[in-house]
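Results of the structural survey
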Amino acid sequence: MSRPPTFVPPSCARAHALPTARGAFAVLDAAPPRAPRGTALLLPGYTGSKEDFIAMLEPLSAAGYRVVAVDGRGQYETSGPEEQGAYAQRELALDVLAQAGAVGGGGPVHLLGHSLGGQIARAAVLTDASAFVSLTLMSSGPAEVTPGQREKVKLLSDALSVMDMEQVWQAMRALDPPEDADDPLRGDREDLRRRWLRHNPAQLLATGRQLRTEPDRVAELAALDPPLPVHVISGEHDDTWPVPLLDAMAERLGAHRTRIAGAEHSPNTDRPEETAAAVVRFWDGYGRGPQKRD
């Protein structure tokens, strides 16, 4: 679970409901001080929310970009149906295309997805790449998560089938290592609990299944014509998709590759300033030209 340092947006951002052709989505919408150089849509990961990007909003907007972080259907402040079929990956990808159309004003946008959000972003690109200027896959691998993470997701799914959200939250807190309980940035904060309780269990069950079964679609992404600039960014360590696997994916895609020093699976919250700087460098060049490594 990503743990943002705060749930209070910076002064450059406003929280509102973004109307789209597929319904309204809760967003944090950060505007630059001048006319934007581009617009970006940010998708959070499994159990996450738009707040996972909150520490990146100010540096990204200061660099000249309008940045919109979104809660997908059934995530935190965006409501969703109770049926798991409503969260099929294609449905979520179509939501992303609607969001891109709403924020882009008819023009293409930069798309960034963290973890599960990266796989949904990839599905959106493979549905209609013309909606996007570039794709950034942040700590998001080529296929299903590692065996250890598959087991964790299954345990969570099993718990959700017999317990309510509050009971599952208390069980997860009981399993936290002692250092997390002592750290005010990683402890049992009320804002994290409130976010968890507002997730739709059907969404967690459906997307958890996707994380455990996602096929490798890298070849499809690499075969886009015209090609879409891709950025693969991660921390130095990752227990969800091993870093060497992400390196190999970047090679297969001919993608720009960045490793963020001192970060793990969530560079957006572990090292937000450094991560934002790497994202801006990529957006500034639209990822064109030969593969580069930060």
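Above this note sits the structure.
1. Details of unusual backbone geometry
Omega for the peptide link from aspartate 225 to proline 226 comes to 5°, which places this bond in the cis form. Its location among the elements puts proline 226 in the loop between helix H9 (218-222) and strand E7 (230-235). Positive phi, normally seen in glycine, also occurs at threonine 47, with a value near 65°. Its location among the elements puts threonine 47 in the loop between strand E3 (38-43) and helix H1 (54-62). Residue tyrosine 76 is not a glycine yet carries a positive backbone phi of 45°. By the element assignment, tyrosine 76 lies in the loop between strand E4 (65-70) and helix H2 (89-104). You can call tyrosine 76 buried: its relative accessible area is 5%.

2. A look at helix H5 (residues 165-174)
All buried positions along H5 are accounted for by Met165, Val168, Trp169 and Arg173. The arc that holds the buried residues of H5, viewed along the axis, is 135°, so those residues lie on one side. Where H5 is buried, its residues touch helix H4 (147-160), helix H7 (190-198) and helix H8 (201-213). Where H5 begins, the capping side chain belongs to aspartate 164, and its oxygen is found 3.2 Å from the backbone nitrogen of glutamate 166.

3. Details of the packing of H4 against H8
Where H4 meets H8, the closest approach of the two axes is 10 Å, and the angle between their N-to-C directions is 160°. Relative to H8, the element H4 lies roughly antiparallel. Relative to H8, H4 is oriented so that their crossing is left-handed. The residues of H8 that touch H4, namely those facing Arg150, Val153, Lys154, Ser157 and Leu160, are Leu204, Leu205, Gly208 and Arg212. Split into classes, the residues belonging to the contact of H4 with H8 amount to four nonpolar, two polar and three charged.

Reading the values: the criteria
Residues numbered from 1 in each chain as written. Predicted model: local features only at pLDDT ≥ 70, side-chain atom pairs only at ≥ 80, totals over all residues. Heavy atoms only, no water. Helix = DSSP H or I, 4+ residues; strand = E, 2+ residues; numbered from the N terminus. Buried < 20%, exposed > 50% of the residue type's maximum accessible area, 1.4 Å probe, protein only. Arc of directions from axis to C-beta. Contact = heavy atoms within 4.5 Å. Polar contact = N/O pair within 3.5 Å; in protein donor to acceptor, adjacent residues only side chain to side chain. Axes fitted to C-alpha atoms, helices over the stretch in contact; angles between N-to-C directions. Parallel < 35°, antiparallel > 145°, perpendicular 65-115°, else oblique. Left-handed = near helix turned anticlockwise from the far one by under 90°. Nonpolar A, V, L, I, M, F, W, Y, C, P; charged D, E, K, R; others polar.

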